[in-house]
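Residue strings, one per chain:
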Amino acid sequence: MISLTELHAEEGLLRNGELTVVAKVEVLEVVGKLDVSEESSPVIETIDVNGFQVLPSQVEYAKSLFERHLDIASKFRPKNPYLKTAYMNVLLSLTQTICQSPQELSNDDLSDAGAALAYLREAGFELDWLEKKLNEVKEKKKKEEACLAEIQDMDEHVKPLKKKYLDLEAQIDKKKAELLAARAPLSLNDDNVV
């Protein structure tokens, strides 16, 4: 428990006057059923892939995961079919997230991906290969951010040089005009000639 006064006094707990509370919830057992009529709740077809129910659109991808990583679910503990489906959905979403361009991912996305990876490992998935990929994506993100910072820094250094270049170009054009005027032959037909 913390009083409102202590909450306001403690640095770092409030951001823009808001407190964010994060909680981890683990479902140990599902009791009862959803109280929705079957007419209003469409049945979603799923297909079994190595004991996990996946959507038809996910079958090929799920199969390829099991083919490439034979031991991926060898120590998976949950037996409840709903939990198994939920875990598989998290795994499939995580792999799709990691396959995005680092430009499309925020640092928060990568942090969430790390939390999802820990969650899946805790359930018994063997995901050393995925952790390696996640670390590669994090490194690429760091490299992207470093490159962007360097480009911005170089851009700042180039701006005054560009201005100086344009000023010199203007001076050169002016001197060329003066040079042409100095090289122009005189004419005896000028009114100024006596």
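Within an unreviewed UniProt entry, the label attached to the protein reads Ubiquitin-specific protease family C19-related protein, and the organism entered is Arabidopsis thaliana.

## A word on the environment of Tyr82
Mapped onto the elements of the fold, Tyr82 is located in helix H3 (residues 81-98). In this structure Tyr82 comes out as exposed when scored by relative accessible area, which is 64%. Between the C-alpha atom of Tyr82 and that of Gln53, which follows or precedes it by 29 residues, the distance is 8.6 Å.

## Structural notes on the nonpolar core
Residues Leu91, Leu94, Phe125 and Leu127 are the most contacted members of the largest nonpolar core, which totals 28 residues. Elements represented by at least two residues in this core include exactly strand E2 (52-54), helix H2 (59-68), H3, helix H4 (107-122) and helix H5 (128-183). Take this core: its biggest share by element is seven residues, from H3. For Leu91, the residues in contact, after removing those within four places along its chain, are Leu65, Ile72, Leu120, Phe125, Leu127 and Leu130.

Rules used throughout
Residues numbered from 1 in each chain as written. Predicted model: local features only at pLDDT ≥ 70, side-chain atom pairs only at ≥ 80, totals over all residues. Heavy atoms only, no water. Helix = DSSP H or I, 4+ residues; strand = E, 2+ residues; numbered from the N terminus. Buried < 20%, exposed > 50% of the residue type's maximum accessible area, 1.4 Å probe, protein only. Core = buried A, V, L, I, M, F, W, Y, C linked by side-chain atoms within 4.5 Å. Contact = heavy atoms within 4.5 Å.

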